[in-house]
Amino acid sequence: PRQPAKTLWYDRPRYVYLEFCVEDSEDVRVVIEDQRVVFSCRNADGVEFYNEINLYARVNSKDSQDKRSPRSVTCFVRKWKEKVAWPRITKENIKPAWLSVDFDNWRDWEGDEEVEKAMVEQYAEV
């Protein structure tokens with residue numbers, strides 16, 4: 001049986017960040033499309049995880065990426081319309097139990113583009 005991975009998200013001027021919290025992930029598959037993100041993997045115990053998110057707004061799938069770490073898989077999803085705040089990550093105005101705002105990284109981002117650019121570059125180097 002598969003289950004959704006606990007997922008955190010936060011909004012920035014150019015990107016929306018999604019973090020799928022699965023430790024020791026294997027067989028990771030991330031598909032970023034213009035209107036949706038699909039994530040699947042297994043953990044070390046063989047539990048299958050699957051998340052499908054119909055996104056609030058269109059994104060630039062070609063300029064989006066994902067990064068796997070021992071604790072999670074983070075997606076940098078490039079917004080189609082930059083500098084437009086997303087009030088939520090999902091197209092539908094519902095909040096699945098497995099989806100939460102990442103308040104540690106959430107903030108009002110007036111003039112925050114340099115910080116965001118540095119963050120994406122830092123992840124790209126890892």
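Everything discussed here concerns the structure shown above.
Conventions used here
Residues numbered from 1 in each chain as written. Predicted model: local features only at pLDDT ≥ 70, side-chain atom pairs only at ≥ 80, totals over all residues. Heavy atoms only, no water. Core = buried A, V, L, I, M, F, W, Y, C linked by side-chain atoms within 4.5 Å. Buried < 20%, exposed > 50% of the residue type's maximum accessible area, 1.4 Å probe, protein only. Contact = heavy atoms within 4.5 Å. Salt bridge = Lys/Arg side-chain N within 4 Å of Asp/Glu carboxyl O. Helix = DSSP H or I, 4+ residues; strand = E, 2+ residues; numbered from the N terminus. Pairing = 2+ DSSP bridges. Axes fitted to C-alpha atoms, helices over the stretch in contact; angles between N-to-C directions.

### Side note on the nonpolar core
Among the nonpolar cores identified, the biggest contains 21 residues, and Leu18, Phe39, Leu55, Val77 and Ile89 are the most heavily contacted of them. Setting aside residues up to four positions removed in sequence, leucine 55 forms contacts with Glu33, Gln35, Arg36, Val37, Val77, Trp86, Ile89, Thr90 and Lys91.

### Things to note about the pattern of salt bridges
Should the charged atoms of two oppositely charged side chains come close, the side chains can pair. All told, the structure shown has ten salt bridges when counted by the stated rule. The closest approach of N and O atoms between glutamate 82 and arginine 14, which form a salt bridge, is 3.6 Å. Of the two residues, glutamate 82 is situated in the loop between strand E8 (73-79) and strand E9 (99-101) and arginine 14 in the loop between strand E2 (6-11) and strand E3 (15-21); the sequence distance between them amounts to 68 residues. Close ionic contact of arginine 42 with glutamate 26 constitutes a salt bridge, the shortest N to O distance being 3.5 Å. Here arginine 42, found in strand E5 (residues 36-42), pairs with glutamate 26, found in strand E4 (residues 26-32); they are 16 residues apart in sequence, far enough to count as distant. Arginine 42 sits in the partly exposed class, given a relative accessible area of 28%. Put simply, Arg14, Asp63, Arg78 and Glu82 are held in one network by salt bridges that share partners.

### Looking at the pairing of E5
Among the seven residues of E5, five are classified as buried, and the element is accordingly described as predominantly covered. Pairing between E4 and E5: five bridges, direction antiparallel. Residue arginine 29 lies in a different strand from E5, and its bridge partner there is serine 40. Hairpin geometry of E4 and E5 is characterised by an intervening segment of three residues between the two adjacent antiparallel strands. The sheet contact formed by E5 and strand E6 (residues 48-54) spans seven bridges and is antiparallel. Within the sheet, the bridge partner assigned to phenylalanine 39 lies in E6 and is asparagine 51. The antiparallel hairpin formed by E5 and E6 contains five residues in its connecting segment, where glycine 46 sits at a positive phi of about 85°.

### Describing the environment of valine 73
Locating valine 73 in the fold gives a position in strand E8. Exposure remark for valine 73: the relative accessible area of 0% places this residue in the buried category. Sequence spacing of valine 73 and aspartate 24 is 49 residues, and the spatial spacing of their C-alpha atoms is 9.9 Å.

### Some thoughts on the sheet that holds E9
Backbone hydrogen bonds hold the strands of a sheet together, and the pairing may be parallel or antiparallel. The five strands lie next to each other as E7-E8-E3-E2-E9, forming an open sheet whose pairing is mixed. Each edge of the open sheet is held by one strand with a lone partner, namely strand E7 (59-68) and E9. Adjacent strand axes in the sheet meet at a mean angle of 20° when their direction is disregarded. As judged from the three bridges shared by E2 and E9, these two strands associate in the parallel manner. Across the sheet, the residue bridging to tryptophan 9 is valine 101, located in E9.

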